[in-house]
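Structural characterization, general
Each chain is listed here by its residues.
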Amino acid sequence: MELGSKILKATAVAAGLSTLAGPVLSQDDYPARQVSWVIPFGAGGGTDRLSRLLTADAESIVGQPVMVENHSGAGGTTGWLHVLDQPADGYTIFNASPTPLVTILTEENSPVQPEDIAIVGYIGAFASIIVVRGDEFPDWDSFVAAAAEDPITVGGTNSTLLGAANTLSQAGVEVIYVSYPSTGEAVTDFLGGHIDVVTTTESTAATIVPENGIALLNTSSLPLAPEIDEALGGNIPMSRDLGYTGMASPRWVGVHPDTPEDIQADVAELVRKLAMDPAVREAWAAAGEPIQYMAMEEARADYKALIPALRSAVKILE
Amino acid sequence: MSKFYRSNQAIGVYLCIGLGLLLAYMLSTSWVFRETRDGFLLGFFPLLGVAGMLLCSFALIVDPLRREIPEDLGDISWTETGQAIAMLIGIGVYFAAMREIGFLLTTPVFLFVYMFWFGLRPLKRTALLALAIPVGIYVLFSVIGVRLPNGILPAFF
Amino acid sequence: MNVEALNEALALVFTLETMFWLVAGVFLGVGLGAIPGLTASTGIALVLPLSFLLDITGMLGLLIGLYKGAVFGGSISAISFAIPGSPDSAATVYDGYKLTKQGKGRKAILIALYSSVTADTLSDIIVILIAPTIALMALQFGPSERLWLMVVAIALLGALSGRHLAKGMLSAGIGLFLGTIGTDPVSNVPRNTFDQVWLRDGLHLVPLVIGIFAMSQMLEQGLGVLRSSRRVQEASGKLADLFSKTSEGLTFREYLSCWREMGIGLGVGTFVGTLPGLGATVAAFLSYGIAKQSFPEKRIGEGSIHGIAAAEAGNNATVGPTLVPLLAFGIPGSATAALIGAALMLQGVTPSPRMFTLHPEVIYALFMILFIGNFVNLGIGRAFGFLYARLGQVSPRVLVPTIMVMAVIGAYSARGDVYDIYMMLGLGFLGFMMRKIGVPEAPLIITFLIAPMLEENLRRALLINRGEWTPALFNSPLAITMAAFAALVIVITFRMNIGAKLAKVGRADAGSEPRVK
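Everything numeric here is computed off the predicted structure, so don't read it as measured data.

Let us now look at the overall build of chain C. Helix and strand content of chain C: 24 helices and two strands. Within the span of chain C, comprising 517 residues, buried residues form 68% of the whole. Here chain C displays about 16800 Å² of accessible surface, and carbon together with sulfur accounts for 67% of that area.

Structural data, given as structure tokens:
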């Protein structure tokens, strides 16, 4: 990945930063050799792009190269199964989104269970933002009142709909969920007035707001990055503010569940170093998705809460 | 009589039997009758496909072209069908081996066997091509940035 | 028009560096497009890391050049070896390969190139002139309207089903069935997966097309070699004619005679390209189907340059318009547009309506590159087409195993999913059997692509209209117009097809007509 390191350097220079090589210090010698960074999606997708930006300069950050490996297929479970097939030594790291979780929660005889992973951290999370036309629903209360009279149509991709369904069902708001295979089609139908509401990630929401709509609610469990909150109009209410539990779509990182505790901690440290590197952060921000790092303990707690929330949201959409 | 087995009518009969079995299998599964939240049965659209195929297969039995023998079917033998399947299995084995041992080690073997099978002679030429083509493909793909499985060999690029 | 920005854009575009990357992009694109399994979006994903190192116009030159080149490049292998380089050139196989077998491969490649470039250039001009208007029109297309568009596409199947309607429809049925494998679009639960988790993502288009078109063809050619059939040698002998000076080229008159097909391709491609989610493959088959339906006297499908012109004009005309939703709303209409959008974002230019005011010079530069790219494509495509087709001179004893290897790598590198290969091989056998019993492949590909979209849009329209069928189907004047158009197409298809077919059958029964394939 020599090219990759050039990219990061170029990005860093462009931003007027110098690449800070992280200290290669650790109690033990982890990582002593190349680390595999497995993602369950093909080359060219969002996760792939961000992973490559994250790991491009790993050799100078953590002392060993980190190679992205694509193991796509079966709704994300192929990559997961691959990780479970590898030795539990911390040299195979799994980075995914909620997609494989949704697959295994809807599969009757799933070969993998949500517990078959030891979470070592989150490197990002996308929110599901409820975007509405400002003249129709100026605020949350008017939205709830309108939904009580006549069902409102809410469009989005499966992952953003799940986030919205989690909060709306807690609020007792009945809406009609309309699934789309891609964000583009959902937003087009929203702009064309075919659906009342669209749920999108924060970066897509920023392309709709303010000209064509307002951000009504952030249904994530995590707050938005300040610059994104600003771009969406500032002070976007969160599910928590209304008394509900939000749900984030994390870009979670984990290792084989049988990995010894101390090695899990080493991997968590490696992920933290990558996620905290200024050049990496700059590159992610430029790609429209700033790094939102969450350390191991906190991420484990969130993941634990995510599974039941996701399970019930999946049921709503079935 | 032997001609009948190759006619459109006979093909229609084979297809109807096969599709009937598929239909029976599908109807025996539970997911087909599960209702989704918009009221459609989960199996509605797949069954529509099967029904369409069945209808067309039935049409083959009765329509005006039923006695005709498809042009390409007239001269095919079981040996040839077997050869086609053997070719596919060979490719499958080649792919499985390629993922384990690597592109550069398995492809020459595959090419040599197939070229030999297809009657490329003299052997020296077959061997030379079987070596040169994989190297060419490997270089081409490396230049455009696709990593072919290296297997047990170290990466060259 | 902002003159200052225009000057700035001119200064950015007309540099040695930008031109170099544009040429490099087209060169790579034609080459990648001609390799089965490597499509425009795979190609763009591959060079994306490189593009970050370039300045913004260099990057646009590389990516747009690659895109244009790849969409044309697919036709080269479709014409020379009956193997579509990418799914969008599958419709080119019918006429293209037949022309090659007749020793007119050179003519076929030239018409593919000229119609691609013509339609691409004109659609770019349309994009430049009326991008905002087109985008607004696309907004009128909600689920109900799109639904009827799919019905029109399916109605055109009749034209693609060949002589025996039942077999054409059987093929369509197979496509419909295969398209339902995977995940239910509304409830998100597994459907028709035979309890196999690896089928959760459904069948992927690239292994499907490689299997059905390329692998089945290679099996047949392999058997032909084993049998030392004359036919294979004949075809490869004819390929050699591409380079002899005496081989038939394309006259200007012939090029002009295709103006109607190119017009159809331009209209269909521009329109389909603007709508998110449809893409070049649908455009190519639609345009081919319409042309075949409209001009039965041109014998499209039997080795006619008009068929190639319609298909190739159709797919290339989508290139510029795919960028319209990206530029007008910041919404990518296709995977390729999404990657171009990502590249723009990494350069600090977020595609959105505000882009026209914030970065007018980038918009102008983009338009210029779109336009100039066509001429680069013309030059490189011509050279490359003949160079690549030279491979056809190689003995099939060498070529068939080599293409088998390429098919395996192509299907594998598209997604890196191991099961894709085994699916590709299985579908190769299905394609082989279909060929043997005279079932055409085109309806399968069309329903495989369109039926799931039709289903999604129908169910979406029903959800939006609370399960009421009448408003779901006819909720706007546009939907009613589209429905009427669909009905018209069906009526025309049936009258022309059934009539012609019954007549043919009658004659065939009387034994007076030789069998035509």
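Let's shift gears to the overall build of chain A. In terms of regular secondary structure, chain A is built from 13 helices and ten strands. Out of the 318 residues belonging to chain A, those deemed buried represent 59%. Pairs at least 24 apart in sequence give 77% of the contacts found in chain A among residues at least 6 apart. Roughly 11700 Å² of accessible area belongs to chain A as shown, and the carbon and sulfur atoms make up 52% of that amount.

Turning next to the pattern of salt bridges. Across all of its chains, the model carries 24 salt bridges over all chains by this definition. Notably, a salt bridge pairs A:E136 with A:R133, separated by 2.9 Å at the nearest N-O pair. Assessed through its relative accessible area of 37%, A:E136 is described here as partly exposed. Of the residues examined, A:R133 reaches a relative accessible area of 16% and is grouped as buried. Three or more residues are tied together by salt bridges with common partners; here these are B:D38, C:D184, C:R191, C:E455 and C:R459.

On to the nonpolar core. Of all hydrophobic cores here, the largest spans 206 residues; its most connected members are B:F103, B:I137, C:L178, C:L208 and C:M404. Element by element, the count of residues in this core is highest for helix α4 (residues 56-81) of chain C, at 15 residues. Inspection of this core shows a minimum of three residues originating in each of domain 1 (4-73) and domain 2 (78-144) of chain B. Sequence-distant contacts of C:M404, defined by excluding residues within four places in its chain, comprise B:M87, B:I91, B:F110, B:Y114, C:M215 and C:M218. Formed by 47 residues, the second largest nonpolar core is a distinct cluster that contains A:Y122, A:V173, A:Y303 and A:A313.

Residue and element names in this part refer to chain A. Among the five residues that make up strand β6 (residues 152-156), five are buried, leaving the element largely enclosed by the rest of the structure. The two faces of β6 match: I152, V154 and G156 on one face and T153 and G155 on the other face are all buried. As defined by bridge partners, β6 adjoins strand β7 (residues 175-179) across five bridges and the pair is classed as parallel. The partner of V154 across the bridge, within β7, is Y177.

Here the focus is the interface of chain C and chain A. With 44 residues of chain C in contact, the opposing surface of chain A contributes 49 residues. Remark: the boundary between chain C and chain A carries three salt bridges. Its salt-bridge partner being C:R200, residue A:E107 comes within 2.7 Å of it at the nearest N-O pair. Taken together, the connections running from chain C to chain A amount to eleven residue pairs in polar contact (both at pLDDT 80 or more). Of all the secondary structure elements, the ones that give two or more residues to the side of chain C that touches chain A are α3 (40-51), α6 (105-140), α7 (143-155), α17 (335-346) and α22 (442-464) of chain C. Residue classes in the side of chain C that touches chain A are distributed as 27 nonpolar, six polar and eleven charged.

Take the pairing of strand β3 (residues 92-96) of chain A next. Residue and element names in this part refer to chain A. Burial runs high along β3: five of the five residues are buried. Two strands pair when backbone bridges link them, and strand β1 (residues 35-39) and β3 are joined in this way by three bridges, in the parallel orientation. In the sheet register, V38 faces β3, and the bridge partner there is F94. By the bridge criterion, three bridges tie β3 to strand β10 (residues 249-255) in an arrangement that is antiparallel. When the bridges of β10 are listed, F94 appears paired with G254.

As a further point, take a nonpolar patch on the surface. Residue and element names in this part refer to chain C. There is a patch of nonpolar side chains on the surface, built from L122, I125, I128, L129, I130, F371 and F375 and spanning about 590 Å² of accessible area. Among the elements of the structure, α6 and α19 (360-389) are those that each provide at least two residues to the nonpolar patch. With five residues, the single largest contributor to the nonpolar patch is α6. With respect to the element layout, L129 can be found in helix α6.

This part is about the sheet that holds β3(A). Residues and elements named next belong to chain A. Across the sheet, which stays open at both edges, the five strands sit in the order β2-β1-β3-β10-β4 with mixed pairing between neighbours. The open sheet terminates on both sides in strands that have one partner only, identified here as β2 (66-70) and β4 (118-126). On average, each strand axis in the sheet is tilted by 25° relative to the strand beside it, whichever way the strands run. Bridging between β4 and β10 involves seven bridges; their strand directions are antiparallel. Paired with A125 across the two strands is P250, which belongs to β10. Lying on the sheet, helix α4 (residues 77-85) is in contact with β1, β2, β3 and β10; it crosses β3 at an angle near 160°. Helix α5 (residues 98-106) contacts β3, β4 and β10 of the sheet and is inclined by roughly 85° relative to β10.

Moving on to the confidence of the model for chain A. All names here are of chain A. Across chain A, pLDDT averages 84, with 91% of residues at or above 70. Mean pLDDT across the elements of chain A bottoms out in helix α1 (residues 2-14) (40) and peaks in strand β8 (residues 197-200) (94). Counting contacts from residues 1-27, a segment whose pLDDT is below 50, to residues more than four positions away or on other chains yields 41 contacts.

All names here are of chain B. Enumeration according to the criterion identifies 30 aromatic pairs over all chains in this entry. Ring centres 5.4 Å apart and planes at 45° place the aromatic pair F40 and F45 in the tilted group. With a relative accessible area of 11%, F40 lands in the buried category. Arranged with centres 5.9 Å apart and planes meeting at 20°, the rings of W117 and F118 form a pair that is stacked. Of the residues examined, W117 reaches a relative accessible area of 30% and is grouped as partly exposed.

On to the side chain of A:Q264. All names here are of chain A. By the element assignment, Q264 lies in helix α11 (residues 261-276). The exposure class assigned to Q264 is buried, which follows from its relative accessible area of 4%. With residues up to four places along the chain from it excluded, the contact list for Q264 reads A118, V120, V255, P257, T259, M296 and R300.

Below, the discussion takes up the environment of C:L478. All names here are of chain C. Position of L478 among the secondary structure elements: in helix α24 (residues 477-510). For L478, a relative accessible area of 30% gives the class partly exposed. Placed 338 residues apart in sequence, L478 and Q140 show a C-alpha to C-alpha distance of 8.0 Å. Excluding its chain neighbours within four sequence positions, the residues that come into contact with L478 are Q140, F141 and E145.

Cut-offs and rules
- Residues numbered from 1 in each chain as written.
- Chains lettered and ligands numbered in written order.
- Predicted model: local features only at pLDDT ≥ 70, side-chain atom pairs only at ≥ 80, totals over all residues.
- Heavy atoms only, no water.
- Helix = DSSP H or I, 4+ residues; strand = E, 2+ residues; numbered from the N terminus.
- Buried < 20%, exposed > 50% of the residue type's maximum accessible area, 1.4 Å probe, protein only.
- Areas by Shrake-Rupley, 256 points an atom, 1.4 Å probe, with all protein chains shown as cover.
- Contact = heavy atoms within 4.5 Å.
- Salt bridge = Lys/Arg side-chain N within 4 Å of Asp/Glu carboxyl O.
- Core = buried A, V, L, I, M, F, W, Y, C linked by side-chain atoms within 4.5 Å.
- Domains from an automatic or database assignment.
- Pairing = 2+ DSSP bridges.
- Polar contact = N/O pair within 3.5 Å; in protein donor to acceptor, adjacent residues only side chain to side chain.
- Nonpolar A, V, L, I, M, F, W, Y, C, P; charged D, E, K, R; others polar.
- Patch = residues over 30% accessible without salt bridge, like charges linked within 9 Å, V, L, I, M, F, W, Y side chains within 5 Å.
- Axes fitted to C-alpha atoms, helices over the stretch in contact; angles between N-to-C directions.
- pLDDT = per-residue confidence, 0-100.
- Phe/Tyr/Trp six-rings, centres within 6.5 Å; stacked < 30°, edge-to-face > 60°.

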